[in-house]
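Single-letter residue listing:
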Amino acid sequence: MAKNERGAGRKPALSAEDVRIIRERHETGATVTALAKEYGISRQVLSGYLNQNNEKEKEKYNTEKSWERLNRAFQGIDTAQYPVRMEYMCGEDCCSIILVNREEEQIAVINETDDLLHRAFGIKVRPDWKDFEAFLESRCFPREREDIDLILEELELDEYEPFAIVERTGGRMAEDKQWIKIRYYKA
């Protein structure tokens, strides 16, 4: 659908039916690289479609009580001070939950798996903000990519900013099943 009445703005690269088929194929093992090549789009754009923020995936919590209920596993912290929740997923399994306060540059983490390879921060139990920034960047395409300007344009970004890239792509990479589900608290 066009962004305004003039019909200006980038048109979707894929139809809703294409996205449905691609999601089914990806869930049954087709790689992002192979699917992107087949449909003639970049892996980053395809990842954006796979992680498209439908209402189920981009949940917004408008009351402090509902946000606290969602984050009740985090004991001893005021979860309302962390307006972003990132769930680091492997397929449909949640491996790590990260509460984020970007303004104060603080995070709180709970690991939901014993598998160190699937945890957001591996063996590190108390990661800091620098670890979080490194984690986000590890879920993005490299800063040195030759065609970075084209990719940023496709993602509708003016600059390389890992948090914004992860918001748009879900942190999906070409050859793994990890991705990031993001939820927001809007008071």
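First, a word on scope: everything that follows refers to the structure included in this document. Just so it is clear, the structure is predicted and the values come from calculations on it, not from any experiment.

1. As for the overall build of the protein
A count of helical and extended segments in the protein gives seven helices and five strands. Helices and strands in the protein line up, N terminus first, as α-α-α-β-α-β-β-β-α-α-α-β. Burial statistics for the protein: of 187 residues in total, 43% are counted as buried. Counted over contacts in the protein with a minimum sequence separation of 6, partners at least 24 positions apart contribute 53%. Only carbon and sulfur atoms are counted for the fraction: they give 47% of the accessible area of the protein, which is about 11,300 Å².

2. Some remarks on the pairing of strand S4 (residues 106–111)
Here strand S3 (residues 93–101) pairs with S4 via six bridges, running antiparallel. Each bridged residue has a counterpart across the sheet, and for asparagine 101 the counterpart in S4 is glutamine 106. Adjacent in sequence and paired antiparallel, S3 and S4 are bridged by four residues, among which glutamate 105 carries a positive phi angle near 55 degrees.

3. Notes on the packing of helix H2 (residues 32–39) against helix H3 (residues 43–50)
Relative placement of two packed helices is described by the angle separating their axes and the distance separating the axes. It is at 9 Å that the axes of H2 and H3 come closest, and there the two elements cross at 105 degrees. One element, H2, and the other, H3, form an angle in the roughly perpendicular class. Counting all contacts with H2, which are made through Val32, Thr33, Leu35 and Ala36, the residues of H3 involved are Arg43, Leu46, Ser47 and Leu50. In the contact of H2 with H3, the residues fall into five nonpolar, two polar and one charged.

4. Description of unusual backbone geometry
At glutamate 105, a position not held by glycine, the phi torsion is positive, near 55 degrees. When you line up the elements, glutamate 105 lands in the loop between S3 and S4. Assessed through its relative accessible area of 48%, glutamate 105 is described here as partly exposed. The residue glutamate 156 is not glycine, and still its phi comes out positive at about 60 degrees. By the element assignment, glutamate 156 lies in the loop between helix H6 (148–154) and helix H7 (162–169). Using a relative accessible area of 45% as the deciding quantity, one classes glutamate 156 as partly exposed.

5. Some thoughts on the side chain of glutamate 87
By the element assignment, glutamate 87 lies in strand S2 (residues 84–90). Excluding its chain neighbours within four sequence positions, the residues that come into contact with glutamate 87 are Cys94, Ser96, Ile97, Trp179, Ile180, Lys181 and Arg183.

Reading guide: rules and limits
Residues numbered from 1 in each chain as written. Predicted model: local features only at pLDDT ≥ 70, side-chain atom pairs only at ≥ 80, totals over all residues. Heavy atoms only, no water. Helix = DSSP H or I, 4+ residues; strand = E, 2+ residues; numbered from the N terminus. Buried < 20%, exposed > 50% of the residue type's maximum accessible area, 1.4 Å probe, protein only. Contact = heavy atoms within 4.5 Å. Areas by Shrake-Rupley, 256 points an atom, 1.4 Å probe, with all protein chains shown as cover. Pairing = 2+ DSSP bridges. Axes fitted to C-alpha atoms, helices over the stretch in contact; angles between N-to-C directions. Parallel < 35°, antiparallel > 145°, perpendicular 65-115°, else oblique. Nonpolar A, V, L, I, M, F, W, Y, C, P; charged D, E, K, R; others polar.

Geometry only, nothing functional implied.
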